[in-house]
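Structure assessment
So you can see what is in the structure, the chains are spelled out below.
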Amino acid sequence: MNTSNTMEQSDAKNPSLRDTEGMTQKQEGGERYFHFDPSKLHKLRNDKPWMNDAKHFKKVAVSPSAVMKMMMHCHSGVEKGIKKGGNPIEVMGLMIGCPDPDSPHTLVVTDIYPLPIEGFETRVVADDDSVINYMIRLSDSIEKTRREKLMGWYHSHPFDVGIRSHSYLSQTDVTTQLLWQNTEDPNGFPFLAIVLDPLRSLAKNIPELKAFRVYPPTYTAPPNECPDGSVVTDNNARLEVWGSCWNRYYELEIEYFISSSASKILGTLTQNFLWMRTLGHTPMLESEYRERWPERVNVVADRIKKSIVAIGEPVGSVTSAGKGSSSTRTVSVGTVKTGPSGGESSDRVDTGTSTWKENREEDEFEQACRAIQEFASERLEGSIVQGTKNDLFLD
């Protein structure tokens, strides 16, 4: 699997909110998401075309305000967990919106509501009585005050910052999403799942999120097809990117929409103010970036050490004795034993490790090396930007 191509495809599906030009281009299309024909929507809910097609929905249109609220909620979970001296906390919330009556293969997310739920390690479930009662009251309130309906849920995966996004569905997530779909889809309310990676979002300074729908149990995905539509034959590569349930769900393309009035305000801010922020802002110098940097480096360093040890390279494993005794050194091809005079007395090659395990260990080492390259690129880019600013404004 070409991981670099996979990441490029992933980034293409998750544009930055700072890309104001792209938002302006969607101005006309974005306006209609705020004004839809109720009769068309009612007909679409009655027809329920998604019940006959496991991959009916292809795209998700999300309002910038909904994205920002999700990101703020997920970041609050990160801060709360770290302040307690532990790991970042997973959070969860509900989304409101509707299927697009003018483009039936598109789901529209207009707003979100955080839930008082916390979890750890790919498990965040709304199974507490107080939370369930809260969701019931919230649903009743939305029915009375909003035209939109509950149409999805989101949650965070605040794991370590690696070379790939942690936006995927775990086994628990797939079970939860399937339950929602089985309950809501037949009633005309197709349900969506969005997973956010808040730590990677902080490191990259762009929102890192992906949208998914789960296949019904009767549907069999094409052989070796991953959620993004790519065909990958390497099982380890599939598991690393998409989790153990990689063939039970699929990814939807994400786009952002904005109203014409908001677009004009954003354009004014971009012309009059944001250029100053661009010149005065260097992510590498921010406190959050500096605080996270040692942790990111240590994680990759540990992975390299484990990979090297597993492959068989010497990492502090050389032991020696005085003159007249023997010494043993572990090397990648076996064990070389030297005699009292230092000359080689015997050697042997240990080939007990199976080929698949060696390949996996080499893949992990290669991934760690790519992470180092990414770190180096970040530092180099930051240094070049800062050096350019110094030359322009300080000299």
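Source: prediction; values computed, not measured.

**So, helix H7 (residues 171–184)**
Between the first and last C-alpha of H7 there are 20 Å, a value that for 14 residues agrees with the 20 Å anticipated at 1.5 Å per step. Within H7, the full set of buried residues consists of Asp173, Val174, Thr176, Gln177 and Gln181. Angular distribution of buried residues about the axis of H7 spans 165 degrees; they occupy a single face of the element. Structural note: H7 exposes Gln171, Thr175 and Leu179 on the side pointing more than 90 degrees away from its buried face. Against the buried residues of H7 lie strand S4 (149–156), strand S5 (192–196), strand S6 (209–214) and strand S7 (249–256).

**A few points about the side chain of glutamate 208**
Within the secondary structure layout, glutamate 208 lies in the loop between helix H8 (198–204) and S6. Among the polar contacts listed, one links the side chain of glutamate 208 to the side chain of serine 165, at a separation of 3.3 Å.

**Concerning the nonpolar core**
Val62, Met70, Met95, Val109, Leu192, Ile194 and Leu196 are the most contacted members of the largest nonpolar core, which totals 29 residues. Breaking this core down by element, the ones donating at least two residues are strand S1 (59–62), helix H5 (64–83), strand S2 (90–99), strand S3 (106–119), S4, S5, S6 and S7. Sort the elements by how many residues they give to this core and H5 lands first, with 5 residues. If you look at the next biggest cluster of nonpolar residues, it comprises 28 residues, including Ile96, Leu150, Tyr168 and Phe212.

**Here we look at the environment of aspartate 102**
Relative to the helices and strands, aspartate 102 is located in the loop between S2 and S3. Residue classification places aspartate 102 among the partly exposed residues on the basis of a relative accessible area of 43%. Setting aside chain neighbours within four positions, we find aspartate 102 in contact with Arg32 and Lys40.

**What to know about the packing of aromatic side chains**
Under the defined criterion, the tally for this structure stands at 6 aromatic pairs. An angle of 85 degrees between the planes, with centres 5.1 Å apart, marks the rings of phenylalanine 212 and tyrosine 249 as edge-to-face. Of this pair, phenylalanine 212 sits in strand S6 while tyrosine 249 sits in strand S7; the two residues are 37 residues apart in sequence, bridging distant segments of the chain. Taking the relative accessible area as the measure of exposure, tyrosine 249 reaches 0% and is therefore buried. Arranged with centres 4.6 Å apart and planes meeting at 40 degrees, the rings of tyrosine 215 and tyrosine 219 form a pair that is tilted. Looking at tyrosine 219, the relative accessible area reads 25%, which means it is partly exposed. Joined through ring pairs, the aromatic side chains of Phe212, Trp242 and Tyr249 make up one cluster.

**As for the pattern of salt bridges**
For the coordinates displayed, the defined rule picks out 13 salt bridges. Across the pair arginine 146 and glutamate 148 runs a salt bridge, and its minimum N-O distance is 3.2 Å. For arginine 146, a relative accessible area of 25% puts it in the partly exposed group. You can call glutamate 148 buried: its relative accessible area is 13%.

**Examining unusual backbone geometry**
Backbone geometry at lysine 48 places phi at a positive 50 degrees, although glycine is not the residue there. One can find lysine 48 in the loop between helix H4 (38–47) and S1. Its relative accessible area of 23% is what places lysine 48 among the partly exposed residues. Of note in the backbone geometry, asparagine 224 takes a positive phi value of approximately 65 degrees without being a glycine. Position of asparagine 224 relative to the elements: it lies in the loop between S6 and helix H9 (235–242).

About the thresholds
- Residues numbered from 1 in each chain as written.
- Predicted model: local features only at pLDDT ≥ 70, side-chain atom pairs only at ≥ 80, totals over all residues.
- Heavy atoms only, no water.
- Helix = DSSP H or I, 4+ residues; strand = E, 2+ residues; numbered from the N terminus.
- Expected span 1.5 Å × (residues − 1).
- Buried < 20%, exposed > 50% of the residue type's maximum accessible area, 1.4 Å probe, protein only.
- Arc of directions from axis to C-beta.
- Contact = heavy atoms within 4.5 Å.
- Polar contact = N/O pair within 3.5 Å; in protein donor to acceptor, adjacent residues only side chain to side chain.
- Core = buried A, V, L, I, M, F, W, Y, C linked by side-chain atoms within 4.5 Å.
- Phe/Tyr/Trp six-rings, centres within 6.5 Å; stacked < 30°, edge-to-face > 60°.
- Salt bridge = Lys/Arg side-chain N within 4 Å of Asp/Glu carboxyl O.

Geometric values such as these leave the question of function open.
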